[in-house]
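Structural features, examined
As a plain string of letters, each chain reads:
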Amino acid sequence: MSDIAVNAPKTSQLLMGNEAIARGALEAGVGVATAYPGNPSSEIIGTLAQVAKELEICVEWSINEKVALEVAAAASFANIRALSAMKQNGLNVALDFLANLNLTGVSRGLVLVVCDDPGGISSTNEQDSRHVAKVLDLPLLEPATFQEAKDMTKWAFELSEEIANICLIRSVTRISHARGNVVLGELPLRENHARFDTSRKPYASIATATPPAFHQRLHRDLSRIREIYEESPFNWYVGPQDPELLIITCGSGWLYSKEAVEILSRQESVGILKIGTTWPLPKAFISRHMLRTKKILVIEEIDAFLETNLKELSVDLAPGRSLTFYGKASGHLNPFGEINPDIVIHAIADIVKVNYVSKEVDYQKKCQRMIEENIFRRELQFCAGCPHRTTFWAIKDALKMDGRDGFVVGDIGCYSMALGSTGFSQIRTVHAMGSGIGIASGLGKLNSFGFDQPVLAVCGDSTFFHAAIPALIDAIHSQSDFLLVVLDNAGTAMTGFQPHPGIDMSATGDASLPIDIEKLCHALGVAVVVTDAYDIKGTTQKFMDLLRIEGKPRVLISRRECNLIRARREKPLYKVQVNPEKCIGEACGCEKFCIRVFKCPGLIWDKNTKKAKIDEAVCSGCGVCVEICSQEAIVRE
Amino acid sequence: MDTKTCQEVVAEVIRKDLCTLCGGCIGLCPYFIAHNGRILLRDICDLHQGRCSTFCPRISLDLEETNRAIFGVPYSWDGVGTNKAIFMARSTNVNITARAQDAGTVTSLLCFAKDEGIIDSAVMTLFEDKSFPKGVVVSSREEILACAGSSYMATPVVEVLNRGAQEADRKRIGFVGTPCQVLALTKMRASRLEERNPIGKLELVIGLFCTWALSHPSFTQFLEREIPDPIVKYDIPPHPANVLHVYTEKKRMDIPLDKILPFVRPACWVCHDLTAEFADISVGSGRGKVSDWNTVIVRSSKGMEVVARAEKKGLIETREIPKENLSRLERASYNKKKRAFKNVVQKTGSVEDLLYFKVQTEIVHRLLAE
């Protein structure tokens, strides 16, 4: 039995933030949970999927975030509590539905968890999703600890039912991915039967009334939420009665602020007001604290969301009273990237005029120097045996041989790394999921403007289902001139091998009906060729052949299961070795061709013999490097 | 000697249309490849002193220095290059002359060198299917014979030497090629980087007279349109015919040179070398009264030895070169130099910038003046 499903109230467990959110949903009796994988949110549904059968809940990896939210909303309409989780980019995909769903409302509790990625550690963008709550007039909660991550999630279902609308939870990487002790609550008994109430007025923001009428209701409901928030235990104050400086913070900022005040020993003069309910703001509660100080420092990650709303509040609060705000607008914090205790310490020290000297001056610079000196500089790289490396190798050679200055339009997945040297710097654009195909389709329509460069669009199998299909249909319909390369590695590899509609297994491990990309392309009436990504020569030739066809879209499916997935199941394909007699070392291709250019991490340099060597711990045994070596020094058995 | 990176080979040679497609940069490493009549850099090499740029006949060519290094004497701008003898020769073997482009001297000399063990193999150009010629390593009389005949098309033959020479069982290699290919070999011989290249195995270099070479695939595609039947042989008869003879199984077709010239590799218009001035032996066709003979220029002692022994064995016969033939050859050789420098200066717009040539300005002025 997995720990997350244990019904042991009041016991404590060390949980990752995302696991705590999943546990909170279970304690709320969630029946349906959906998501499209995306870090830092993926473990929420991943965790629930593991216990789905045991607890008889329905968990799915949906085709994309919009569908994920629609599936979850449907459950709510049919009287089942539901949760959908996504990253900030995913929220954008779901936004069209969400911006209508808020008007129609829901029935049973529906919670939408959005995990933001300050610093863009695993994202193509950095975005503060909290604004969506304000724009759509929906309640928002921000957990600051792992305990809160669980408790708030449970409470969010109640809030949702209170106003029959969606409740948003915003997490950030350091809450979602760090671990802390969480005291468990009770798991409820499985209750209700799903039923859609046909006697209820339709879930639609037109016909039954006008959108403004629904909008008005939203504002009324939000006022009710505000009243509830005034008494929320997720908001609290620690510090002196009348602080010299009042820190107002939320989310990850709470622990950073606490640590900063302690390090500076300013508990007597600096107070911390921690807000868990960040939209709508509990005006009265906050006002009481704001009136007891003259200086306010706002600590939060990414945008000045809380800061701006507090300033707005202060205008109504105390006309004529001089309150000075510090934070992002004052330059003490950046409105981008992650924050950390050091940033908060320096902000406080500057405002309260303390001379703060860290234990070691220029510690960060020293760390940076040590890293550079002692750690081998690694670039973002495809794994050993990654089929993307070989596909991009073939693309690179084919485009060179084609000689018409052709190029690759990228998309979101492991293969986005082909922006860099691991994919031979082949990719020229990367935006949102599926956007590459749309952009390629657009480029392929510019023939009448003299555009004559071959265009390739790459997308993974999961991305293909997520958002590529409409753009592909657009291209087929208009006979746009480009080659779509589907890098089919049989899974959503970058986020942790989650299944997708092309896989014959569901999130919970049950058999499911796989959708065949090749057949789908055939049905759409587009020429489709399949190749084995490990067959470099054959794949290069297929690229050459397909590049010669002009005036219509073509599809090449470069197929090879992600080597990490395969390695979980099977032994390596080959035992690969370098024959030191044949390897010409530094003389090869003007310096170690296989290591420096092909760059598979399984190939390493033996300093003593000055020859290439296979790192047996890393080599996946794909055997592809045998084809790359010009000296036939690499052999596979 | 200046050395440059592979990117500079691309920027200064390939992009500037100076590449002769000799193949000197290929087969040394995995980065450069030849594809469809072009040299491609597949990946970026970070070596500052690459063999590709060192061996390239179109990077930093100092004819004075090279001539001194190879023959120990100054370079002559007026004649047909340093030589020990100039005469006419032809094969005495009717099987060879029947297949040869002209009089079979090259094929006979190579067969002799192979039979005598002077070489164990040779790198030549095979023009078998008459579509696009390719470089091959030959090691038998039959294979040498199969390579008889000219294609008039540039092909990266030196690549085959670069690859083939690596094989341990090849110890003495012969080479037959155009002046630019011979120049690449000459630069290899002179290079400090030669220890990475088994250039020491190269025993005998026979150069072929060359006015220009045609581009693949554009010329091949042109011919396919003009002449659908399979082509057996090409020939350009002496001036003033101004025509390319194309032989098919059935007949001979004549294509005016004006229609052919657009397919000449642009790099050929800035080439100074008509007679492969750094070969051991240079061979071209005969003209006028001696049109069924080859014109032969012997440059090295090794070349002298091979020709003398082959003649002594009765495999070739020789005769004096007629005076007018010699003066015509010298004039043609000089005119090619003039053409090269005129075109270089036209390209750069300055006598100071001579692209790949390292030549004193007064010599350029002299070449341009007359």
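This one's a predicted model, so the numbers in the text were calculated from it and none came from an experiment.

We now examine the overall build of chain A. Across its full length, chain A carries 21 helices and 23 strands. Since a compact globule built from 637 residues should have a radius of gyration of about 26 Å, the 27 Å found for chain A is in line with a globular shape. On the principal axes, the C-alpha backbone points of chain A span a range of 80 × 70 × 60 Å. Considering chain A as a whole, with its 637 residues, one finds that 50% of them fall into the buried category.

Moving on to the overall build of chain B. A count of helical and extended segments in chain B gives 13 helices and 13 strands. Principal-axis analysis of the C-alpha atoms places the extent of chain B at approximately 50 × 45 × 45 Å. Sorting the 370 residues of chain B into buried and exposed places 44% on the buried side. A separation of at least 24 residues holds for 67% of the contacts in chain B among residues at least 6 apart in sequence.

Grouped together as the largest cluster of nonpolar side chains are 105 residues, with contacts concentrated most on Ala33(A), Ile45(A), Leu48(A) and Val113(A). The element that contributes the greatest number of residues to this core is helix 6 (residues 146–163) of chain A, accounting for 8 residues. Residues from two domains meet in this core; each of domain 1 (3–230) and domain 2 (236–351) of chain A gives at least three. Residues contacting Leu48(A), with those up to four places away along its chain left out, are Ala22(A), Ala25(A), Ala33(A), Ile57(A) and Val59(A). In terms of nonpolar packing, the next biggest core, distinct from the first, is built from 96 residues, Leu18(B), Ala100(B), Ile206(B) and Ala310(B) among them.

Residues and elements named next belong to chain B. Here chain B is partitioned into domain 1 (6–215 + 264–369) and domain 2 (218–263). Each of domain 1 and domain 2 has a C-alpha centre, and these two points are 23 Å apart. With 13 residues of domain 1 at the contact, the number on the domain 2 side is 11 residues. A per-class count over the side of domain 1 that touches domain 2 returns 5 nonpolar, 6 polar and 2 charged.

Accessible area lost on assembly of the parts is the figure often given for the size of an interface. The interface of chain A with chain B comprises 13 residues on the first partner and 14 residues on the second. Listed by contribution, the elements that provide at least two residues to the side of chain A that touches chain B are helix 14 (387–402) and helix 20 (593–598) of chain A. The element best represented in the side of chain A that touches chain B is helix 14 of chain A, accounting for 4 residues. Within the side of chain A that touches chain B, the residues separate by chemical class into 6 nonpolar, 3 polar and 4 charged.

It is worth spelling out the sheet that holds strand 8 (residues 231–235) of chain B at this point. All names here are of chain B. Strand order in the open sheet formed by 3 strands is 8-9-10, and the pairing between neighbours is antiparallel. Edge strands, defined here as strands with exactly one partner in the open sheet, are strand 8 and strand 10 (252–256). Averaged over all neighbouring strand pairs, the angle between strand axes comes to 25°, with direction disregarded. With 4 bridges connecting them, strand 8 and strand 9 (residues 243–248) associate as antiparallel partners. When the bridges of strand 9 are listed, Asp235 appears paired with His245.

A word on the domain arrangement of chain A. All names here are of chain A. Here chain A is described as being made up of domain 1 (3–230), domain 2 (236–351), domain 3 (387–569) and domain 4 (576–636). At the junction of the two partners, domain 3 supplies 9 residues and domain 4 supplies 6 residues. Each residue belonging to the side of domain 3 that touches domain 4 can be placed in one class, and the counts come to 3 nonpolar, 4 polar and 2 charged.

What follows is about the packing of helix 12 (residues 323–348) of chain B against helix 13 (residues 361–369) of chain B. Residues and elements named next belong to chain B. As a packed pair, helix 12 and helix 13 sit with axes 9 Å apart at the nearest point and diverge in direction by 105°. In terms of orientation, helix 12 lies roughly perpendicular with respect to helix 13. Contacts between helix 12 and helix 13 involve Lys337, Lys338, Phe341, Lys342 and Val345 from the first element and Val364, Leu367 and Leu368 from the second.

Our next topic: the environment of Val183(A). All names here are of chain A. On the secondary structure map, Val183 appears in strand 8 (residues 179–183). C-beta crowding within 10 Å serves as the criterion here: with 12 such atoms nearby, Val183 is assigned to the exposed category. For the pair Val183 and Ala8, spaced 175 residues apart in the sequence, the C-alpha separation amounts to 9.4 Å. The contacts of Val183, once residues within four sequence positions are left out, are Lys10, Ser12 and Gln147.

We now examine unusual backbone geometry. Note the cis peptide between Asn39(A) and Pro40(A), where omega equals 15°. Tracing the chain through its elements places Pro40(A) in the loop between strand 2 (32–35) and helix 2 (42–55). A positive phi is found at Asp362(A), a non-glycine position, where the angle reads about 55°. A count of 10 C-beta atoms within 10 Å places Asp362(A) in the exposed class. With a phi angle near 55°, Asn36(B) is a residue other than glycine that sits in the positive phi range.

Attention now goes to the confidence of the model for chain B. In the predicted model, chain B carries a mean pLDDT of 90, and 96% of its residues have values of at least 70. For this predicted complex, the interface confidence reaches an ipTM of 0.76, while the overall pTM sits at 0.86.

All names here are of chain A. Helix 8 (residues 211–230) packs onto helix 6 with a crossing angle of 140° between their chain directions and a minimal axis gap of 10 Å. One finds that helix 6 runs oblique with respect to helix 8. Where helix 6 crosses over helix 8, the two elements pack in a sense that is right-handed. Here Leu159, Glu162 and Ile163 of helix 6 come into contact with helix 8, specifically with Asp221, Arg224, Ile225 and Ile228. Looking at side-chain class alone, the contact of helix 6 with helix 8 contains 4 nonpolar, no polar and 3 charged residues.

This next bit is on the sheet that holds strand 11 (residues 270–274) of chain A. Residue and element names in this part refer to chain A. Taking strand neighbours across the sheet as the criterion, the 5 strands line up as 9-11-10-12-13 in an open arrangement whose pairing is mixed. At either end of the open sheet lies a strand with only one pairing partner, and these are strand 9 (236–238) and strand 13 (324–326). Mean inter-strand twist for the sheet, computed between neighbouring axes without regard to direction, equals 20°. Here 3 bridges tie strand 12 (residues 295–299) to strand 13, and the two strands are oriented parallel to one another. If you follow Leu297 over to strand 13, its bridge partner there is Tyr326. Across the sheet, helix 9 (residues 253–263) is in contact with strand 10 (245–249), strand 11 and strand 12; its angle to strand 11 comes to roughly 170°. Seen against the sheet, helix 12 (residues 341–351) touches strand 10, strand 11, strand 12 and strand 13 and runs at an angle of roughly 170° to strand 12.

Now for the environment of Lys233(B). Residue and element names in this part refer to chain B. In this structure, Lys233 sits in strand 8. Accessibility expressed as a C-beta count within 10 Å gives 17 for Lys233, which makes it partly exposed. Between the alpha carbons of Lys233 and Ala168 there is a distance of 35 Å; along the sequence they are 65 residues apart.

Residue and element names in this part refer to chain A. Following the sequence through the fold, Gly496 ends up in the loop between strand 17 (483–488) and helix 17 (517–524). Expressed as a C-alpha distance, the spacing of Gly496 and Ile565, which sit 69 residues apart in the sequence, is 9.5 Å. Setting aside its immediate chain neighbours within four residues, Gly496 contacts Pro37, Ser42 and Gly46.

Conventions and cut-offs
Residues numbered from 1 in each chain as written. Chains lettered and ligands numbered in written order. Predicted model: local features only at pLDDT ≥ 70, side-chain atom pairs only at ≥ 80, totals over all residues. Helix = DSSP H or I, 4+ residues; strand = E, 2+ residues; numbered from the N terminus. Rg over C-alpha atoms; globule rule 2.2 N^0.38 Å. Buried ≥ 20, exposed ≤ 12 C-beta atoms within 10 Å, placed from the backbone. Contact = placed C-beta atoms within 7 Å. Core = buried A, V, L, I, M, F, W, Y, C linked by C-beta atoms within 7 Å. Domains from an automatic or database assignment. Nonpolar A, V, L, I, M, F, W, Y, C, P; charged D, E, K, R; others polar. Pairing = 2+ DSSP bridges. Axes fitted to C-alpha atoms, helices over the stretch in contact; angles between N-to-C directions. Parallel < 35°, antiparallel > 145°, perpendicular 65-115°, else oblique. pLDDT = per-residue confidence, 0-100. Left-handed = near helix turned anticlockwise from the far one by under 90°.

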